[in-house]
Amino acid sequence: MIEMLNSIFTRLGFQVKKTTALENEQRYLKSVINCLEDLYAYRLQNDGTKLNNEISGIIFSKNRAMQLHALLQSYFHYTINPAPLKVLFTTDSPEHERAYEILQQEFRSAPVEFICETDFRSQLQTMVKESKSGRIFFMTDDAIFVERYDLSTVRHFNPLAEIFSLRLGRDVHFSFTHNKEQILPEFNKQVINDEYFNSWIWNTLQGSPDWSYPLSVDATIFSRDEVDIMLKHLDFKNPNSLEGSLQLLSKAFLTRKGICFEKAKYVNVPCNIVQDEFSNIYTGTFSVLELLKLFMDGKRIDWKLYTGMNAKDVQHIRYDFI
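Thresholds, definitions, all that
Each chain carries its own residue numbering, running from 1 in the direction its sequence is written. Given that the model is predicted, a residue must reach a pLDDT of at least 70 before its local features are reported, and side-chain atom pairs must reach 80 or more before they are shown or counted; all residues, however, enter totals for whole chains, interfaces and linings. Hydrogens are left out, water is left out, and the side-chain values use all remaining heavy atoms of the structure. To qualify as a helix, a DSSP run of H or I must reach at least 4 residues; to qualify as a strand, a run of E must reach at least 2; elements of each kind are numbered from the N terminus. We call a residue buried when its accessible area falls under 20% of the maximum for its residue type, exposed when it is over 50%, and partly exposed in between, using a 1.4 Å probe and counting protein chains only. By the convention used here, residues are in contact when the closest approach between their heavy atoms is within 4.5 Å. Accessibility throughout is a Shrake-Rupley quantity obtained with a 1.4 Å probe, and a residue counts as covered only by protein chains that appear here. The convention used is that axes are lines fitted to C-alpha atoms, helices contributing only their stretch in contact, and that angles between N-to-C directions extend from 0 to 180 degrees. Each angle is binned into one of four classes, with values under 35 degrees roughly parallel, values over 145 roughly antiparallel, values of 65 to 115 roughly perpendicular, and all other values oblique. In this scheme the handedness of a crossing depends on how the near helix is turned from the far one: anticlockwise by less than a right angle means left-handed, clockwise means right-handed. Under the grouping applied here, Gly and all other residues not named as nonpolar or charged are polar, the nonpolar ones being Ala, Val, Leu, Ile, Met, Phe, Trp, Tyr, Cys and Pro and the charged ones Asp, Glu, Lys and Arg. Each Phe, Tyr or Trp ring (for Trp, its six-membered ring) is paired with any other whose centre lies within 6.5 Å, and the angle between the two planes then decides the class: stacked below 30 degrees, edge-to-face above 60, tilted in between. We call a charge positioned over a ring when the NZ of a Lys or the CZ of an Arg lies within 6 Å of the ring centre and within 35 degrees of the ring normal. Here a polar contact is taken to be a pair of N or O atoms separated by no more than 3.5 Å, where protein atoms must pair a possible hydrogen donor with a possible acceptor and residues adjacent in sequence count only if both atoms sit in side chains. The term nonpolar core refers to a set of buried residues drawn from Ala, Val, Leu, Ile, Met, Phe, Trp, Tyr and Cys, joined through side-chain atoms within 4.5 Å. Any two strands with at least two DSSP-identified bridges between them are counted as paired.

### A look at the overall build of the protein chain
Part 1 of the argument: When you go through the protein chain residue by residue, the secondary structure sums to 10 helices and 15 strands.
Part 2 of the argument: A burial count over the protein chain gives 53% of its 322 residues as buried.
Part 3 of the argument: Contacts spanning at least 24 positions in sequence make up 79% of the contacts within the protein chain whose residues lie at least 6 apart.
Part 4 of the argument: Total accessible area on the protein chain is roughly 14800 Å²; 48% of this is exposed by carbon and sulfur atoms.

### Here we look at the packing of helix 5 (residues 94-106) against helix 9 (residues 288-296)
Part 1 of the argument: Where helix 5 contacts helix 9, the two axes come as close as 10 Å, and the packing angle between them is 50°. As far as their axial angle goes, helix 9 and helix 5 are oblique. Note that helix 5 runs across helix 9; the crossing there is left-handed. Mapping the contact onto sequence places E95, H96, R98, A99, I102 and L103 in helix 5 and V288, L289, L292, F295 and M296 in helix 9.
Part 2 of the argument: Class assignment for the residues of the contact of helix 5 with helix 9 results in 8 nonpolar, 1 polar and 2 charged.

### Thoughts on the environment of L168
Part 1 of the argument: By the element assignment, L168 lies in the loop between strand 8 (162-165) and strand 9 (174-175).
Part 2 of the argument: Looking at L168, the relative accessible area reads 1%, which means it is buried.
Part 3 of the argument: The sequence separation of L168 and K265 amounts to 97 residues, and the corresponding C-alpha distance is 7.6 Å.
Part 4 of the argument: Each residue touching L168, except ones within four places of it in the same chain, is listed here: W200, W202, D210, W211, C260, F261, K263 and A264.

### Overview of the packing of aromatic side chains
Part 1 of the argument: Applying the stated criterion across every chain, the model contains 23 aromatic pairs.
Part 2 of the argument: Seen from their ring centres, F89 and Y100 are 4.8 Å apart, and the 10° between their planes marks the pair as stacked. With F89 in strand 3 (residues 85-90) and Y100 in helix 5, this residue pair connects regions lying 11 residues apart in the sequence. In terms of burial, F89 and Y100 fall into one category: buried.
Part 3 of the argument: Among the aromatic residues, those joined into a cluster by ring pairs are Y75, F76, F145, Y149, F157, F164, F197, F261 and Y266.
Part 4 of the argument: Between the NZ or CZ atom of R121 and the centre of the ring of F236, over which it lies, the distance is 5.5 Å.
Part 5 of the argument: Lying across the ring of F261, K265 places its NZ or CZ 5.1 Å from the centre.

### Describing the environment of E106
Part 1 of the argument: Locating E106 in the fold gives a position in helix 5.
Part 2 of the argument: Among the residues examined, E106 registers a relative accessible area of 36% and is labelled partly exposed.
Part 3 of the argument: In sequence terms E106 and H69 are 37 residues apart; their C-alpha atoms lie 8.9 Å from each other.
Part 4 of the argument: The contact partners of E106, leaving out residues within four places of it in the chain, are H69 and R300.
Part 5 of the argument: Side chain to side chain, E106 and R300 meet in a polar contact 2.5 Å long.

### Describing the nonpolar core
Part 1 of the argument: Counting 94 residues, the largest nonpolar core has L124 and M139 as the members making the most contacts within it.
Part 2 of the argument: Sort the elements by how many residues they give to this core and helix 4 (residues 65-78) lands first, with 8 residues.
Part 3 of the argument: If near-sequence neighbours (up to four positions away) are discounted, M139 is found in contact with I58, I59, F60, L71, Y75, L85, F145, V217, A219 and Y266.

### Considering the environment of H77
Part 1 of the argument: Assignment of secondary structure puts H77 in helix 4.
Part 2 of the argument: In the structure, H77 is positioned 68 residues away from F145 in sequence and 8.6 Å away in space, judged by C-alpha atoms.
Part 3 of the argument: Beyond its immediate stretch of four places on either side in the chain, H77 contacts R148, W303 and K304.

### Considering helix 7 (residues 224-233)
Three- or four-residue spacings in an α-helix give side chains the same orientation, since the helix completes a turn every 3.6 residues.
Part 1 of the argument: With 8 of 10 residues buried, helix 7 is to be regarded as a mostly interior element.
Part 2 of the argument: Of all the residues in helix 7, the buried ones are R224, E226, V227, D228, I229, M230, L231 and H233.
Part 3 of the argument: The secondary structure elements touched by the buried residues of helix 7 are helix 3 (26-45), helix 6 (120-130), strand 5 (135-140), strand 13 (220-223) and helix 8 (239-246).

### Concerning the sheet that holds strand 14 (residues 257-261)
Part 1 of the argument: Judged by pairing direction, the sheet is mixed, and its 9 strands sit side by side in the order 4-3-1-5-13-8-14-12-11 without closing on themselves. Strands at the two margins of the open sheet, each flanked by one partner only, are strand 4 (112-116) and strand 11 (188-192). Looking at each pair of strands side by side, their axes are set apart by 30° on average, direction ignored.

### Considering the pairing of strand 8
Part 1 of the argument: Side chains E162 and F164 project from strand 8 onto one buried face, and the interleaved I163 and S165 project onto a second face that is buried too.
Part 2 of the argument: By the bridge criterion, 3 bridges tie strand 8 to strand 14 in an arrangement that is parallel. For F164, the partnering residue across the bridge sits in strand 14 and is I259.
Part 3 of the argument: Of the strand pairs in this sheet, strand 8 and strand 13 are connected by 2 bridges, and their pairing is antiparallel. Counted as the bridge partner of S165 is T220 from strand 13.

Structure representation (structure tokens):
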């Protein structure tokens, strides 16, 4: 099994060593092998230059109508040429369900479709497969946009060679998830239509978590076809396990370039958690129930207050409301 895995990995420029952990995960290894074979075959047949110009986004949401409202408002406010969005959401109480009904009414005229989750993996696979876009990105509901940018500029970059991240920029020198400062890459700067872009290779900064993490479900632009291939093979049941499963394939993407703007446009604000599967770090400034009550009382996050702030400050903010 290991030898077969290495035969696929070698063609992509790296090897794995035989370890007890890998030997005990044969089912996952088989999925990884099949997925890498399909990714490799796809890349042999496609160079990414014929991707259509359409872009689409999918948001994952659970019990966070208030935070999702801020994400959607800030996205449509700051994004020039915004892509249409689909929200795959779930709730665990009638109160949360009612909050999402209110939210849908507030965005009824926006290019966003709300889909109630019944089977996360199956629905996500269908959404990606049926998408007509050449590029696709995911977002999570505990983030906001903080600066104006033109989403259409990502079309200048080939996702089979260059992975564009809206969550990264020169202000991302602190890793919230690892609670530590991190070294920034030695960027190569590009100027396209008077806009500055920074590029680096993902595998050159293993000690900088955010800058060596290409398969994030937070505002990273992928080839839709590659995402379709990965979802077909990987085992997952929610956004957290999806991102965890994606990391099984990370070494196949680490040799690509990363691309970002000068400053992060999209920043997570992890003030609470809505799952108990992973011990994610969060600030605890507002609980999910506190935000639900405020939302039902007609309050909304005053997301405009955070315009232009650097990523670290935004991650640690305590929301103000209007």
